[in-house]
Amino acid sequence: MRKRNWAIIIGLIIMVLMILVIVFDTRIIRVDPFSIDKGVTYSLGDEKLSIKHPLPPNRLDTFGTDPLGRNVHSLMVVGLKVTITIAVLTALFRLLIAVPIAFYSGIGGKKSSSFIKFFYTFFNIIPEVLVGYVIFSQDIFTKISLKLAILMTSLILAIIGWGKLAKSLRDEVEKIVIKEQGNVDKKILYKKIFPQAFANFFTETGRVLTTLCILGVLGISVGMSKFGNIDLSNDWGSMYNYYPEWSGMLNLMRKAIISESYWLAIFPLLGFAFSIIGFNLIGEGILYDIEEDYTVFYERMKGIGYHLSPKTYLNEWKNFKYNLKNILIKSLVIIIIVFIIMTPVYERPVEKLHKVNGDNITKHVEELAKDNYSGRAMGTKEIEETRAYIEKELKDIGLMPAFEEEGKNGNKTYSYTREYTSKTNDGETIKGKNIAGYIRGRTGNYPLIIVTNYDYLTNMEDGEYKGLDESGTSIGAALELARTLKAQSLDRNSNRSIIFLFTDSSKYDGVGIDEVIGEKYIDISSFYIYFNYLGVGKDNKVYLNTSTISSGNAVFYDHVKYTKEIIKNNGFKVEPEYFGDTLKVPDALFKNRVSGITFSGISKDEYLSDYHGKKQDNINKIDYNKLEAHTQTLMEMAVSYAWRSQYAWGY
Amino acid sequence: MIIMKLPQNAISYNTTEKKIKINISWRELGRIIKDSYKNLFKGSLGVDSKGNCVWREIKPFFKNTLILILSTIVISILLGIPIGAYNTKKARTKEGIRRTLWKTILKSLPEPLIILVLYLIILKVFNFKSIVLRNTFKISFKDYIVPIIALSIFPIMKASKITSESIIATYDSQYLISAKLKGASNVKIFKDHLIKNVFIDSMEEFSSLMALIFANLVVVEYLFYFPGLINKLIESYVNKDMNTVFSIAFVIGLIFIIINVVFRIIKNVIDPINDEDVSSGNKVII
């Protein structure tokens, strides 16, 4: 009986573990990998307590946090997929280049030999990582999408690193040719070389992972740099890695050593080491087999095929007693797979889901497109008209007014509008009004705020500034959401209260939000859904900013997972986006430590290039079907949050 | 190296159209290459972006890197060959799967992890506050110790592997068996045949050892803020001083080639096998 190849067995165990982590990535983390946290300072009497990131491993953040407050454990788990994809793709591309060239070189091709020699020698002199560093630090790599970045990184790493693989394969071909004294059948040669190439695929993947690890240490990350503009105002400088992946996490290694924040380097390095060991063990295990005889490889492959065959499984049942161990293991695996497939990620929390009415939304948008609402700049009569319109609609829908006033005689009065005076960061004094109404839920805990801004630009030269794409569509959607959710609550009351908040000052650092914090149901325990630019956008993507849900507010992350499922179920693709202070209202909520989601039909780049400060007066530009679908998606997101049972939430 | 000299907008990405655009003509590319080489040979490696002589700017960094590389080579040979010879007995018996397993695990540990662990051990054992060097290019002998140790780990492993493989191959060769049969003493066999052949084989594999040292040099210099050529290259690249970057890349290539040539000459002096005879397929053992 052939001895067990422990290298392959352990390598496979590591690989299965990695696959499980990739498959269950978001299910095994409790904090959103895109969530950032700027820390907080508390005053306890004269003493000031502050939480500054990065934090060492603690009860909430098992692997600690990075300087942006991101949870290292979440970044590790979600980042595995991107890192392994690049490594595997690069190894595949290298094989595609190296195998044919090595083959022809091995059987006497002079040009292919020189080609291999050139690449091998050149990248021996100038290290592969140094060339990679120079290429990947070009500006273009910080602007491309993740998918394109993965493809380009893989291709470039394949081109600069195939020489070594080709040389080793060529040496093997040469050995066989010399052994057979030149009379070698190409088919047999392929048969002998294939196991070598197969083993090299794994060892090469390990080698690429090592390269990625070193490139990461040198400061290279994969994909757009959306957090690059955040000023950390400490020694950490800027952070460029946005998408979770291991190389980007190692960008901080040098600074982590100096600041003794070793966890920032140790966990990604251990991740790299673990995965490199896995791939290398499989590769070296196969090479060990081939060294004995190349047919051992084919025998093992055949053996694997035999054990995985459904026919074998059925035959084993015929001789149940003899094959008990095999049957038990295989049945367990089948049950687990079926369980995974059958378990829905997201279940609707209500029996009958109300549908939003597209005609109602269109009616609101058409109304707001009229000249008497035009612009909605703060302090104008148009914004006052808009406010009156929203207030009237909320009243008609039957929402309860959110603002409480105490009269002179002690009587309490309620209103939808609260006026405020505030100073902007530039020292300008502004007067504004927040509008809010609510649906009372069974509990006051963790209320939902559906928020959008109803103002638009403060000034435009030519006067055509209706702001239809930004706040026009979102006011329409919010009013329709209010109507539909109210109808839904009449079927069965929601578990959580829902506040509809319309705020102005979106062009003045969102100071209206600072003024409304602390009002009924609007505080740091609330969860907001902010939206704008609905029914527009070039693609079928929904741009979602989930960066405000830090590990301190990790309870909300479950809802983010459901949100993503809901968006996908409604036919949209989810694209993570970081708007930062481009959108003032959600940024003001973030600064007030309120967690939530920003939902937009356009990306930040599209906003800055095509919408920011531009005329938005063409009502025909709006895609009303898309607007209705966006609103329905928001409706389901709201229902998912507000109607999920207390039991499911655990509080 | 051409990529380093390209203007930042040479290749751009249109985020709204989602297309990559190349904004440079072949003529412009040719001019950049020509200018780069022209600058390189203008005086001492040309001038940097501030108008200073590049060679004068990089000279102290060159010295530090050269000391680091040469020390690593010496340590790798001095330690790698005896370790390899010591391991030969184990390696001669057919390599078991468990040995493959452990070897693979050790080989798979990424260099930055080993450096970090080494760093933490040294901090703990010697009670140092910090080992990293910052904002200085004048360093003392003590400052070389940790970078040299960190840089030498993998080359020592590689040198010992080359040595043990070479000893095994030499042991099984016909001429050594003949020498044994003719009654040559073990000391004579070791002195006249074995050590010489092992050394020649090591020289033969030297370019791969050098490649390993150069690749690891990037990590060691960067992580320890070592004032060497690699750090200077990265710093110049970040500061968009492309003439200095180009010159440093040229100097690194030159160091690699010179060291390789030196070792090839040593090998050719010691090696009794004529290269031409080998290339024509007739191995002649003198």
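Caption draft 1: Structural context of the interface of chain B and chain A. With 51 residues of chain B at the interface, the matching set in chain A holds 54 residues. Roughly 4,800 Å² is buried in total at the junction of chain B and chain A, and carbon and sulfur atoms are behind 74% of that figure. Looking at the side of chain B facing chain A, the largest losses of area belong to Y13, I97 and Y222 of chain B, adding up to 13% of the total buried there. Linking chain B with chain A are 1 salt bridge. K107 of chain B serves as the salt-bridge partner of E284 of chain A, at 2.9 Å between the closest nitrogen and oxygen. Taken together, the connections running from chain B to chain A amount to 7 residue pairs in polar contact (both at pLDDT 80 or more). Looking at the side of chain B that touches chain A, the elements with two or more residues in it are α1 (2-5), β1 (11-14), α4 (97-108), α5 (111-126), α9 (206-223), α10 (229-238) and α11 (242-270) of chain B. Of the residues forming the side of chain B that touches chain A, the biggest block, 9 residues, is contributed by α9 of chain B. Broken down by class, the residue content of the side of chain B that touches chain A amounts to 34 nonpolar, 12 polar and 5 charged.

Caption draft 2: Structural view of the layout of surface pockets. Residues and elements named next belong to chain A. Of the pockets and cavities examined, the second largest pocket occupies roughly 1,900 Å³. Lining the second largest pocket are 40 residues, and of these L12, G303, I304, H307 and L308 lie nearest its centre. Counting residues per element, the ones that place at least two in the lining of the second largest pocket are α1 (6-23), α6 (186-217), α9 (263-292), α10 (294-308), α11 (310-318) and α12 (324-342). Looking at which element gives the most residues to the lining of the second largest pocket, the answer is α12, with 10 residues. Taken together, the residues of the lining of the second largest pocket sort by class into 28 nonpolar, 4 polar and 8 charged.

Caption draft 3: Representation of the packing of aromatic side chains in the model. Under the definition given, this model contains 32 aromatic pairs over all chains. Taking 5.1 Å as the distance between ring centres and 45° as the angle between the ring planes, the aromatic pair formed by F34 of chain A and Y242 of chain A counts as tilted. Here F34 of chain A, found in the loop between α1 and β1 (40-44), pairs with Y242 of chain A, found in the loop between α6 and α7 (246-249); they are 208 residues apart in sequence, far enough to count as distant. In terms of burial, F34 of chain A and Y242 of chain A fall into one category: buried. Both rings, one in F103 of chain A and one in Y104 of chain A, keep their centres 5.8 Å apart while their planes meet at 85°; by these two values the pair is edge-to-face. Using a relative accessible area of 3% as the deciding quantity, one classes F103 of chain A as buried. What makes Y104 of chain A partly exposed here is its relative accessible area of 45%. Members of the aromatic cluster, connected to one another through ring pairs, are F34, F227, Y242, Y243 and Y578 of chain A. Sitting above the plane of the Y225 of chain B ring, R254 of chain A keeps its charged end 4.0 Å from the centroid.

Rules used in this analysis
Residues numbered from 1 in each chain as written. Chains lettered and ligands numbered in written order. Predicted model: local features only at pLDDT ≥ 70, side-chain atom pairs only at ≥ 80, totals over all residues. Heavy atoms only, no water. Contact = heavy atoms within 4.5 Å. Buried area = accessible area lost by both parts, 1.4 Å probe. Salt bridge = Lys/Arg side-chain N within 4 Å of Asp/Glu carboxyl O. Polar contact = N/O pair within 3.5 Å; in protein donor to acceptor, adjacent residues only side chain to side chain. Helix = DSSP H or I, 4+ residues; strand = E, 2+ residues; numbered from the N terminus. Nonpolar A, V, L, I, M, F, W, Y, C, P; charged D, E, K, R; others polar. 1 Å grid on protein atoms, 1.4 Å probe; cavity = no way out; pocket = protein on both sides within 12 Å on 5 of 7 lines; lining within 4 Å. Points joined across faces, edges and corners; volume = space filled by probe spheres on them. Phe/Tyr/Trp six-rings, centres within 6.5 Å; stacked < 30°, edge-to-face > 60°. Buried < 20%, exposed > 50% of the residue type's maximum accessible area, 1.4 Å probe, protein only. Lys NZ or Arg CZ within 6 Å of the ring centre and 35° of its normal.

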